[in-house]
Amino acid sequence: MQSLSALYDNAALRELEKRACAEPDIDDTTLMRRAGQAAWRCLLEHWPNARRIVVLAGPGNNGGDGWVLARHARDSGLDVCVVHPSSMPPRTPLAMRMAGEYADAGGRAEAFSGVLPVAEVIVDALFGIGLDRAPEGETASMIAAANAASSPILALDVPSGIDSERGAVPGVAIFAAHTIQFIAAHIGLATGAALDHVGSRSLSTLDAPAACFDGFAPKAEVAASPRFPRRARDSHKGRHGHVLAIGGEHGYGGAILIAAESALRGGAGLVSVATRAEHVAALLTRRPEAMGHAVEVAVDLQPLLEHADALALGPGLGRGEWSHGLFEAALASGKPCVVDADALNLLAAAPRPLPGAVLTPHPGEAARLLGSDTASVQRDRYAAAEAIAARYGGAVVLKGAGSVIAAPGRTSRVLAVGNPGMASGGMGDALSGVIASLLAQGAAPFEAASAGAWLHGRAGDLAARDGEAGLLAGDLIGHLRAAIAECTA
Ligand SMILES: NC(=O)C1=CN([C@@H]2O[C@H](COP(=O)(O)OP(=O)(O)OC[C@H]3O[C@@H](n4cnc5c(N)ncnc54)[C@H](OP(=O)(O)O)[C@@H]3O)[C@@H](O)[C@H]2O)[C@@H](O)CC1
Ligand SMILES: Nc1ncnc2c1ncn2[C@@H]1O[C@H](COP(=O)(O)OP(=O)(O)O)[C@@H](O)[C@H]1O
Ligand SMILES: [K+]
């Protein structure tokens, strides 16, 4: 059974469509009719009282779906107007046929004249998975006019203007209230800039037979909530791992303190902190459960490394001599390790394979790791996360809306939890702590990355019940325990 959690790229969608059409009772016309009908049902379900609708129909098969919907709406007595770009009438044989059927039934259609007719719902059937460049000229104006209207927009398959494979928005794009996807969920609607455009989402498989999906692995999956076993009644702190958090250069004590507190709330049995001497008192005042160690030279780190099960390396680490020394000593230990913040910058300057590590870059750090730029990372977040995993060998969490988790040989995952309230200083340090905590408790890098990122996002969502703006990392950390409890058998 297909779900919104299994994500496919456009090549897969086109292949799935081909396979479905190879079935004896299905052809491409059948699929388009089913798509238009499913979209009509979706419109009725969301806006049962709508009486006037406008359908924006593009030149390709996405437009074809729109013409089918328009015919159903008209047959049901709604006031319907299809608006198409004057320079782009229906172009594909299927779209031409559906437009013809609508016209034969007496349906109203007009070329875009600069303003859209008034409607209670606008249906966006301009472009779907066939978009291959930023909309411009007339189609860009139609998108802008639809967005400017006060009516909600139902997007068919993809909000027009969205790159359905990468989540990027190359130019102007529809802001949908709801998007109904056809056959299977699109990988590009789950991450990055696309998230602001899709609204709520649903999927209609168009009754494509399940056999079409045989041997077809999704390109990515929405990360499921992790499952944790209940603790044994006779458990003790030695069974839940010992995290060593390393960082906190002069002037950057807060970051390592947040990582340490988050590691404790992530369930680690013990947490030690190696940091500059001046931060130890602050750490112990805030979180006496942590063990603070002043480390002024890398050699002082050795005994702490020996006792650690996993490391959180990088929050507030800096990039000076002290930082370099700790960074090299930590990596030389070979312990499971979260590499974050300044440690990622040091790694970018001295690249090496780190198969046991979890790298947690934000898009800027990802760009440094790849020798690229932030805009390129954001244009294809899946490709960027997978390229970092391939280059450095470990698991990767590419942070930001719809965080992408990748590792060599694994199907990438994308987070559906988290919110923009988490766009505040210290949130990344909290993520390092919780992932390190799971590593210390024995999770493998990809599972620790995925489960840790999910818990962090879920705790962020719990904290955001009181509002997004002003949400602090400390607020999120306060909800980690509840997030873990939700996931515990
Ligand atoms: N796959 C399935 O299983 C099913 C698919 N179905 C539906 O088909 C949709 C895919 O249809 P599609 O392939 O015809 O592509 P579509 O999105 O209509 O756009 C292509 C047209 O747009 C044009 N064009 C592109 N970018 C442009 C731009 N920026 N600015 C201007 N023009 C631009 C491009 O022109 P060209 O690049 O050739 O100039 C071409 O004419 C899919 O999303 C779903 O809704 C369902 O009916 C049934 C099941
Ligand atoms: N708009 C958003 N939606 C979901 N998660 C977000 C959003 N903004 C930030 N986050 C999450 O918050 C954390 C921020 O990390 P980072 O950018 O490293 O912050 P800092 O360096 O300030 O600690 C990441 O886990 C990121 O995925
Ligand atoms: K569309």
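How each quantity is defined
Residues numbered from 1 in each chain as written. Chains lettered and ligands numbered in written order. Predicted model: local features only at pLDDT ≥ 70, side-chain atom pairs only at ≥ 80, totals over all residues. Heavy atoms only, no water. UniProt positions renumbered as here; feature names shortened; annotations may be inferred. Near = heavy atom within 4 Å. Polar contact = N/O pair within 3.5 Å; in protein donor to acceptor, adjacent residues only side chain to side chain. Areas by Shrake-Rupley, 256 points an atom, 1.4 Å probe, with all protein chains shown as cover. Helix = DSSP H or I, 4+ residues; strand = E, 2+ residues; numbered from the N terminus. Nonpolar A, V, L, I, M, F, W, Y, C, P; charged D, E, K, R; others polar. Domains from an automatic or database assignment. Contact = heavy atoms within 4.5 Å. Buried area = accessible area lost by both parts, 1.4 Å probe. Expected span 1.5 Å × (residues − 1). Buried < 20%, exposed > 50% of the residue type's maximum accessible area, 1.4 Å probe, protein only. Arc of directions from axis to C-beta. Salt bridge = Lys/Arg side-chain N within 4 Å of Asp/Glu carboxyl O. Donors = N, O, S within 2.8 Å, 3.2 Å for Na, K, Ca; no water. Phe/Tyr/Trp six-rings, centres within 6.5 Å; stacked < 30°, edge-to-face > 60°.

Labelled according to an unreviewed UniProt entry, the chain appears under the name Bifunctional NAD(P)H-hydrate repair enzyme, originating from Solilutibacter pythonis. According to the UniProt record, the Subunit (unreviewed entry) comment for the chain is "Homotetramer."

Novice: Explanation requested: the site of ligand 2 in the structure shown.
Specialist: Surveying the vicinity of ligand 2 reveals 18 residues, the closest of which are K399, G400, G425, G426 and G428. D429 is positioned such that a nitrogen or oxygen atom in its backbone is 3.5 Å from an oxygen atom of ligand 2. A total of 570 Å² of accessible area belongs to ligand 2 in isolation, and the protein chains cover 77% of it. In terms of residue count, helix α15 (residues 427-440) provides more of the shell around ligand 2 than any other element does, four residues in total. Looking at the shell around ligand 2 residue by residue, the class counts come to six nonpolar, ten polar and two charged.

Novice: Explain the domain arrangement of the chain to me, please; I cannot follow it from the model alone.
Specialist: When cut into domains, the chain gives domain 1 (6-219) and domain 2 (237-487). Once you take the C-alpha centre of each, domain 1 and domain 2 turn out to be 41 Å apart. Contacts between the two partners involve eleven residues from domain 1, matched on the other side by 13 residues from domain 2. With both chains or domains summed, domain 1 and domain 2 bury close to 840 Å², and 56% of this area falls on carbon and sulfur atoms.

Novice: Looking at this structure, I do not really get helix α4 (residues 93-104). What am I missing?
Specialist: The α-helix winds at 3.6 residues per turn, so residues separated by three or four positions along the chain end up facing the same way. The terminal C-alpha atoms of α4 lie 16 Å apart, and with twelve residues this matches the ideal 16 Å at 1.5 Å per residue to within 8%. Among the residues of α4, those classed as buried are L94, A95, M98, A99, E101 and Y102. The buried side chains of α4 occupy one side of the element, clustering within an arc of 160 degrees when seen end-on. Exposed side of α4, more than 90 degrees from the buried face: P93 and D104 are the residues found there.

Novice: What am I meant to see in the site of ligand 1 here?
Specialist: Taken together, 22 residues form the shell around ligand 1, and within it N62, D65, G128, R133 and D157 come nearest. Contact distances for ligand 1 include 2.9 Å between an oxygen atom and a side-chain N or O atom of R91. Relative to its unbound accessible area of 940 Å², ligand 1 is 86% covered by the protein chains. Elements that contribute at least two residues to the shell around ligand 1 include exactly α1 (10-21) and α3 (61-75). Partitioned by chemical class, the residues of the shell around ligand 1 number ten nonpolar, five polar and seven charged.

Novice: So what exactly am I meant to see when it comes to the UniProt feature "domain: YjeF N-terminal" (unreviewed entry) in the chain here?
Specialist: As annotated by UniProt and renumbered to match this structure, "domain: YjeF N-terminal" (unreviewed entry) occupies residues 13-214. Taken end to end, residues 13-214 is 35% helix and 18% strand, and its two terminal C-alpha atoms sit 13 Å from one another.

Novice: What is the right way to read the pattern of salt bridges from this model?
Specialist: Any two side chains of opposite charge can pair, on the condition that their charged atoms come close. By the definition in use, this model includes 24 salt bridges. We note a salt bridge from K18 to E15, for which the minimum N-O separation is 3.6 Å. One end of the pair, K18, and the other, E15, are both in helix α1, three residues apart, so they sit about a helical turn from each other. Classification of E15 as partly exposed rests on a relative accessible area of 26%. Residues participating in the shared-partner salt-bridge network are R33, R71, R97 and E101.

Novice: Any chance you could explain the coordination of the potassium ion (ligand 3) here in plain terms?
Specialist: A four-donor tetrahedral metal ideally has 109.5 degree angles, and a six-donor octahedral metal ideally has angles of 90 or 180 degrees. Only N62 (OD1), D124 (O), D124 (OD), F127 (O), L156 (O), V158 (O) and S160 (OG) from the protein reach the potassium ion (ligand 3) as donors, at distances of 2.5 to 3.2 Å. For the potassium ion (ligand 3), the donor residues sit on a single chain with the sequence spacing N-x61-D-x2-F-x28-L-x1-V-x1-S. In this pair, D124 sits in strand β5 (residues 121-125) while V158 sits in the loop between β6 (153-156) and β7 (178-182), placing the two residues 34 residues apart along the sequence.

Novice: Would you mind going over the packing of aromatic side chains with me for this structure?
Specialist: Under the definition given, this model contains three aromatic pairs. Ring centres of Y8 and F216 lie 6.3 Å apart, and the angle between their planes is 55 degrees; on these two criteria the pair is classed as tilted. Taken together, the residues span a long stretch of sequence, with Y8 in strand β1 (residues 6-8) and F216 in the loop between β9 (200-204) and β10 (220-222) at a distance of 208 residues. Like Y8, the residue F216 is buried in the burial classification. Within the aromatic cluster, the residues linked to one another by ring pairs are Y8, F213 and F216.

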